[in-house]
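Inside the fold
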4 protein chains.
Amino acid sequence: MYLRQTQELTHQAALVILQGAIAKAEAMGVPQCIAIVDTGGNLLAFIRMDGAKFLSQISATQKAITAMSSKAPTGGVAADVELKLALATAGQLTNLKGGLPIEINGQLVGAIGVGSGTGAQDVEVAQAGIAALQEKLG
Amino acid sequence: MYLRQTQELTHQAALVILQGAIAKAEAMGVPQCIAIVDTGGNLLAFIRMDGAKFLSQISATQKAITAMSSKAPTGGVAADVELKLALATAGQLTNLKGGLPIEINGQLVGAIGVGSGTGAQDVEVAQAGIAALQEKLG
Amino acid sequence: MYLRQTQELTHQAALVILQGAIAKAEAMGVPQCIAIVDTGGNLLAFIRMDGAKFLSQISATQKAITAMSSKAPTGGVAADVELKLALATAGQLTNLKGGLPIEINGQLVGAIGVGSGTGAQDVEVAQAGIAALQEKLG
Amino acid sequence: MYLRQTQELTHQAALVILQGAIAKAEAMGVPQCIAIVDTGGNLLAFIRMDGAKFLSQISATQKAITAMSSKAPTGGVAADVELKLALATAGQLTNLKGGLPIEINGQLVGAIGVGSGTGAQDVEVAQAGIAALQEKLG
């Protein structure tokens, strides 16, 4: 009643996710900024690949934070409130595609945000990062 | 694999670009704010011409930063994501026209942003700045 | 009684000051960030020389703003209030040496701030910038 | 005269540095936040190890940015100006130990900042990160 069990990604897990995402982005030929946050939305790991947009550091991180806060992939907020929500959160809540919650065994353990490609490319790279961790966990 | 070669503008090059842009703006009779950034988006040189809007200092600088980050002229972002991107980057990514990457011999060496006129006037002045450097380089 | 005459530096004057300061810094072998502001403290011109510290962009600009606001060279605030004043102005008022008001014929027309060297070097370069303009004015 | 040659770390180099620093911190039993920036001070890679202080994300990043801007290890600023410089750069210039420039073959290619341990521990981990890259380069 007073305490609840949670799980957090370790930094080794974060590195596995980063490397899976990087491998995918390299295969696609699309350099990316990749951010991983813990369940509190704090930055756990980040990489900016050669040639990725440096401003995407900010948006990739916000995608991860938004996916974590809302416990859902980014991009699903209704069009009539997306800018209001962005403004009301000082730009932190973004409706750009490319943020995904990271679920392991049905439990939310963090989130990943990817930015510098198209929305579809960003999502594909984020998925590859999560898949790399799931593969390690068997 | 671990290092990549890059090039940066010197401050003498930045002065040449500023002067080329100023000369064009004076000929057009449109005072401008002109900002030049290095490949990391850090301010290298700036001038606010007599009569230019002082708030354009901020937007001209953001145009240069955006052109550098995206390695493309500003203004080409799709209408359905331009505000989301601006908000997700704390206003840093702008879709206003007037920012141009500076390429020398096919390599990106910085960017210029111009603001205080119309979008078309801003672009014209930015182009004149880059042309002045290219003329010096022969 | 209701209006007072002021004078402002033109952008051509700002370029003369920049070039005088750059020439001095080059002769000293100390790369500098040099900022010039108008009487309202708004940025008029800026250059970051090759090899100058990029964080000095911020401090050089604050030195110029502080010199303009206080109508005096920076660095003269008493030690027991300097940090209180910096904190009370969100860091804008700095007591670092290197900011000088620009006076022409006894009238204040702007200010210059220089940073990336020692305090004494910064002051020397700022003085050279002002001297270059005074020489043009004869 | 108008262009100067520079070098940047690739993301593969940044991963090598991160892993070298993590291995050292694990061996010491001191979890750390580790940030790597490019020559423009933009974040290239980051990891927060299990148990590291989350506020150290900010200070580790500022140590890297400061080391890059000043082209020297952090912590060497004279006591009488360290707070003035911190305030005049909006907190960006820090005099905490734990930031080191990354030099390869005598050229500055980026910087690393480490935070969450003592200053001496932070420096030791930063050095291990740089050493890991130098070993790969032979």
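Scroll up to find the structure this text is about.
Criteria and cut-off values
- Residues numbered from 1 in each chain as written.
- Chains lettered and ligands numbered in written order.
- Predicted model: local features only at pLDDT ≥ 70, side-chain atom pairs only at ≥ 80, totals over all residues.
- Heavy atoms only, no water.
- Least-squares fit on C-alpha atoms with pLDDT ≥ 70 in both.
- Contact = heavy atoms within 4.5 Å.
- Buried area = accessible area lost by both parts, 1.4 Å probe.
- Salt bridge = Lys/Arg side-chain N within 4 Å of Asp/Glu carboxyl O.
- Polar contact = N/O pair within 3.5 Å; in protein donor to acceptor, adjacent residues only side chain to side chain.
- Helix = DSSP H or I, 4+ residues; strand = E, 2+ residues; numbered from the N terminus.
- Buried < 20%, exposed > 50% of the residue type's maximum accessible area, 1.4 Å probe, protein only.
- Pairing = 2+ DSSP bridges.
- Axes fitted to C-alpha atoms, helices over the stretch in contact; angles between N-to-C directions.
- Patch = residues over 30% accessible without salt bridge, like charges linked within 9 Å, V, L, I, M, F, W, Y side chains within 5 Å.
- Areas by Shrake-Rupley, 256 points an atom, 1.4 Å probe, with all protein chains shown as cover.
- Expected span 1.5 Å × (residues − 1).

**Details of the relation of the copies chain B and chain D**
Screw-axis analysis of chain B against chain D gives a translation of 0.0 Å along the axis, an RMSD of 0.0 Å, and a rotation angle of 180°. Expressed as an axis order, the relation between the two copies is that of a two-fold axis. Looking at the interface residues of chain B, 100% of them are also at the interface in chain D, so both copies use one shared face.

**Details of the arrangement of the chains**
Contacts between protein chains span five pairs of chains, and they are most numerous for chains B and D. In this structure chain A stays clear of chain C, and the shortest span between their C-alpha atoms is 17 Å.

**Let's talk about the interface of chain D and chain C**
Each side of the interface is counted separately: chain D has 19 residues, and chain C has 17 residues. Contact between chain D and chain C buries roughly 1,400 Å² in total, counting both sides, with carbon and sulfur atoms accounting for 72%. Counting across the interface, chain D meets chain C through one salt bridge. The residue K84(D) makes a salt bridge to E82(C) at a minimum N-O spacing of 3.2 Å. Viewed at the interface, chain C and chain D are joined by four residue pairs in polar contact (both at pLDDT 80 or more). For the side of chain D that touches chain C, the secondary structure elements donating two or more residues are α2 (56–70) and α3 (82–88) of chain D.

**Considering unusual backbone geometry**
The backbone of S116(B) sits at a positive phi, close to 145°, despite the residue not being glycine. Classification of S116(B) by relative accessible area gives buried; the value is 13%.

**A closer look at the sheet that holds strand β4 (residues 99–104) of chain D**
Spatial strand order, β3(A)-β4(A)-β1(A)-β2(A)-β3(D)-β2(D)-β5(D)-β4(D): eight strands in an open sheet with antiparallel pairing. Whereas interior strands pair on both sides, the edge strands pair on one side only; in this sheet they are β3 (99–104) of chain A together with β4 of chain D. Pairwise comparison of adjacent strand axes, ignoring direction, gives a mean angle of 20° for this sheet. Bridge analysis of β4(D) against strand β5 (residues 107–115) of chain D gives six bridges, and the strand direction is antiparallel. Looking at the pairing, I102(D) lines up with G110(D) of β5(D). Against the sheet, α2(D) touches β2 (43–48) of chain A together with β2 (33–37), β3 (43–48), β4 and β5 of chain D, its axis set at about 155° to β5(D). Contacting β2, β4 and β5 of chain D, helix α4 (residues 119–137) of chain D crosses the sheet at an angle of about 15° to β4(D).

**Quick look at the relation of the copies chain D and chain C**
Both copies of the chain are related through a single rotation about an axis accompanied by a shift along the same axis. Expressed as a screw operation, the relation of chain D to chain C combines 0.0 Å of axial shift with a rotation of 89°, fitting to an RMSD of 0.2 Å. The superposition operator between the copies reduces to a four-fold rotation axis. Each copy contacts the other with its own distinct surface, as only 11% of the interface residues of chain D are interface residues in chain C too.

**So, a nonpolar patch on the surface**
Residues and elements named next belong to chain A. Judged by side-chain polarity, M1, Y2 and L3 come together as a nonpolar surface patch covering roughly 560 Å² of accessible area. With respect to the element layout, M1 can be found in the segment before α1 (11–28). Judged by relative accessible area, which is 92%, M1 ranks as exposed.

**Some words on α1(A)**
Residue and element names in this part refer to chain A. With 18 residues, α1 extends 26 Å from end C-alpha to end C-alpha; this agrees with the ideal 26 Å at 1.5 Å per step. What α1 keeps buried is the set H11, A13, A14, L15, V16, I17, L18, G20, A21, I22 and A25. One or two steps after α1, the chain reaches G29, where phi turns positive at roughly 70°.

Distances and angles like these do not, on their own, reveal function.
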